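Structural characterization, general
Listed below are the residues making up each chain.
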Amino acid sequence: MTDVLAYRADDGNTHANSLSPAYGSTVRRSPSQPLVAIPHTLTEVTGPSSQVLRASLDDLTKIGTGEALGERIIVTGRVLDEDGRPVPNSVVEVWQANAAGRYIHERDQHPAPLDPNFRGEGRVVTDADGRYRFLTIKPGAYPWKNHHNAWRPAHIHFSLFGPAFATRLVTQMYFPGDPLIAIDPIACAVPAAARDRMVSRFDLDVTEPEFALGYVFDIVLRGRNATPMEDKHDH
Amino acid sequence: MTIKYGATPSQTVGPFFHYALPYANGETLADAQTQGTRIEITGRVLDADGEPVPDAMIEIWQANHAGRYAHAEDSRSEFALDPHFTGFGRTATDATGTFRFTTVRPGRVPGPGNSLQAPHIAIGLFGRGLLNRLVTRLYFADAAENADDPILALVPERRRSTLLAQRLPGEAATYRLDLRLGGNDETVFFAL
Ligand SMILES: [Fe+2]
């Protein structure tokens, strides 16, 4: 018999409804049936180790022979659980548009220039304090076809594993003071009280003189229940 | 039980993840040295209208052939780890919504209490229009162990078939499971 320590259930006030019609693509791509709740087993409390993914790459600005265009920034923060414990040795993957708001992607039709010196993707493993750090370029806002005159706020995509299959998270980091956040159907699909958790903060201590502005983005993954959840059986 | 920090909300992976997340051989979990029965897993991701989803990303997580996860919390040393098997795979769907993995058939792992789970593969589905990861499982339609799987037992009987990969005719062990985001035979997705 194997009792596992389950991860804490969603509080119902953190994540978007999968069906959020203002974001049009959700309409045909969200389940109509309720999710079936299952107890956590070894399958859910285990997950891929940080060795599974590729070599670390923490500088998104270096790929060509020259310097990437745009406003150089440092993005750093800690990956924590809901109880404030650091999540060490965990993969953090990022990708983003360049300073002009263009992705290195054939399906990106935005008529803004590509930058041959901007890599636009990276990945690192958190240290013992759960900390990560990237050097990149501040991404541009970009238009999309969701509705008339729709623009995504500047954002960096984040992909995190955490310790288990159950803690996997893909999210987006926004920038403070961006007027597009309040009218973005993707950001606004998230309950209002939780939306600010996706917004980084400017930090002068992270900023490096004569080099790059600093932004801090802490990411909080699900914590664990205090007690094993295998209480459903009578022994 | 007070929570110190609110969890970071999920957001869609968007349409432009391909140059960042999928990686070479991410769909190949088993090589010539991996122990166990080699299998192929394939299927399509379909939207509520039955149209292919050509910009989805699929991740799988599974135990090795002996039923052991390559993770510190699976400490059952009586089941050997396989140095040639991590248990994790990732791929993107192609223009027809099709995905494919090469792996091995997983062994059984414990479930709640004294139960044993039938062989299964955990699936995480991401894509444009998916604000949250959708989680499901692949079971093998030809596995007798499904009859007493504790997780399948939680799924309404008439929907269980949406989790059962069917073996395709032919010599190679290829199993097919389509993932349907809506419509008739909508796949069962789990809340973890
Ligand atoms: Fe984006």
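This is a predicted model, so every value here is computed, not measured.

Predicted confidence across chain A gives a mean pLDDT of 93, with 95% of residues reaching 70 or more. Taken together, the stretch residues 228–235 of chain A has pLDDT below 50 and engages in 18 contacts with residues farther than four places along the chain or on a different chain.

The next thing to look at is unusual backbone geometry. Of note in this structure, A:Asn149 is not a glycine but carries a positive phi near 60 degrees. On the secondary structure map, A:Asn149 appears in the loop between strand S6 (142–144) and strand S7 (150–152). Its identity is not glycine, yet B:Asp185 carries a phi of approximately 60 degrees, on the positive side.

This paragraph deals with the layout of surface pockets. The rolling of a water-molecule-sized probe over the atoms marks out the regions of remaining empty space. Reported here for the largest pocket is a volume of approximately 860 Å³. As for the largest pocket, its lining consists of 35 residues, of which A:Asp10, A:His15, B:Asn132, B:Arg133 and B:Leu192 are closest to the centre. Estimated volume of the second largest pocket: approximately 510 Å³. Along its surface, the second largest pocket is lined by 21 residues, and A:Pro143, A:Trp144, A:Lys145, B:Pro15 and B:Phe16 are the ones closest to its centre. Tallying contributions element by element places S6(A) first for the lining of the second largest pocket, with 3 residues. Among the residues forming the lining of the second largest pocket, the class breakdown is 8 nonpolar, 7 polar and 6 charged.

On to the UniProt feature "domain: Intradiol ring-cleavage dioxygenases" (unreviewed entry) in chain B, then. Under the UniProt annotation, "domain: Intradiol ring-cleavage dioxygenases" (unreviewed entry) lies at residues 41–69 of chain B. A distance of 19 Å separates the end C-alpha atoms of residues 41–69 of chain B, which is 0% helix and 41% strand.

Take the coordination of the iron ion next. Residues and elements named next belong to chain A. For the iron ion, the full set of protein donor atoms is Tyr 103 (OH), Tyr 142 (OH), His 155 (NE2) and His 157 (NE2), and the range of their distances to it is 1.9 to 2.2 Å. For the iron ion, the 4 donor atoms are set out with angles of 91 to 161 degrees between them, so the coordination reads as irregular. Summarised as a motif, the one-chain spacing of the donors to the iron ion is Y-x38-Y-x12-H-x1-H. Placement of Tyr 103 in the loop between strand S3 (91–96) and strand S4 (121–125) and of Tyr 142 in strand S6 is noted, with a sequence separation of 39 residues between them. For Tyr 103, a relative accessible area of 0% translates into the label buried. Accessibility expressed as a relative area gives 7% for Tyr 142, which makes it buried.

Residues and elements named next belong to chain A. Structurally, Thr 76 is set in strand S2 (residues 72–81). For Thr 76, a relative accessible area of 10% corresponds to the buried category. Among residues more than four places away in sequence, those in contact with Thr 76 are Arg 131, Tyr 132, Arg 133, Val 206, Tyr 215, Val 216 and Phe 217.

What follows is about empty space enclosed by the protein. Applying the stated rule across the entire model yields 2 cavities of 30 Å³ or more. Considered as a void within the structure, the largest cavity measures approximately 80 Å³ in volume. In terms of lining, the largest cavity is formed by 13 residues, of which the most central are A:Pro48, A:Phe161, A:Phe165, A:Arg168 and B:Phe88. In terms of residue count, strand S2 (residues 56–61) of chain B provides more of the lining of the largest cavity than any other element does, 3 residues in total. Residues that form the lining of the largest cavity fall into these classes: 8 nonpolar, 2 polar and 3 charged. Put simply, the second largest cavity is a space of about 40 Å³. Considering the residues around the second largest cavity, the lining is formed by A:Pro48, A:Ser49, A:Val52, A:Leu53, A:Val91, A:Phe161 and B:Phe88. Looking at the lining of the second largest cavity, its residues break down into 6 nonpolar, 1 polar and no charged.

Time to look at the UniProt feature "domain: Intradiol ring-cleavage dioxygenases" (unreviewed entry) in chain A. Mapped onto this numbering, the UniProt entry annotates "domain: Intradiol ring-cleavage dioxygenases" (unreviewed entry) at residues 75–103 of chain A. The distance from the first to the last C-alpha atom of residues 75–103 of chain A is 19 Å, and the span holds 0% helix and 45% strand.

With 72 residues of chain B at the interface, the matching set in chain A holds 86 residues. Across the chain B/chain A interface, buried area totals approximately 6800 Å², and carbon plus sulfur atoms make up 59% of it. Among the residues chain B hides against chain A, the three largest losses belong to B:Gln11, B:Phe16 and B:Tyr19. Together they make up 12% of the total. Counting the contacts that link chain B with chain A gives 6 salt bridges.

Rules of the game
Residues numbered from 1 in each chain as written. Chains lettered and ligands numbered in written order. Predicted model: local features only at pLDDT ≥ 70, side-chain atom pairs only at ≥ 80, totals over all residues. Heavy atoms only, no water. pLDDT = per-residue confidence, 0-100. Contact = heavy atoms within 4.5 Å. Helix = DSSP H or I, 4+ residues; strand = E, 2+ residues; numbered from the N terminus. 1 Å grid on protein atoms, 1.4 Å probe; cavity = no way out; pocket = protein on both sides within 12 Å on 5 of 7 lines; lining within 4 Å. Points joined across faces, edges and corners; volume = space filled by probe spheres on them. Nonpolar A, V, L, I, M, F, W, Y, C, P; charged D, E, K, R; others polar. UniProt positions renumbered as here; feature names shortened; annotations may be inferred. Donors = N, O, S within 2.8 Å, 3.2 Å for Na, K, Ca; no water. Tetrahedral: all angles 85-135°; square planar, octahedral: opposite > 155°, others 65-115°. Buried < 20%, exposed > 50% of the residue type's maximum accessible area, 1.4 Å probe, protein only. Buried area = accessible area lost by both parts, 1.4 Å probe. Salt bridge = Lys/Arg side-chain N within 4 Å of Asp/Glu carboxyl O.

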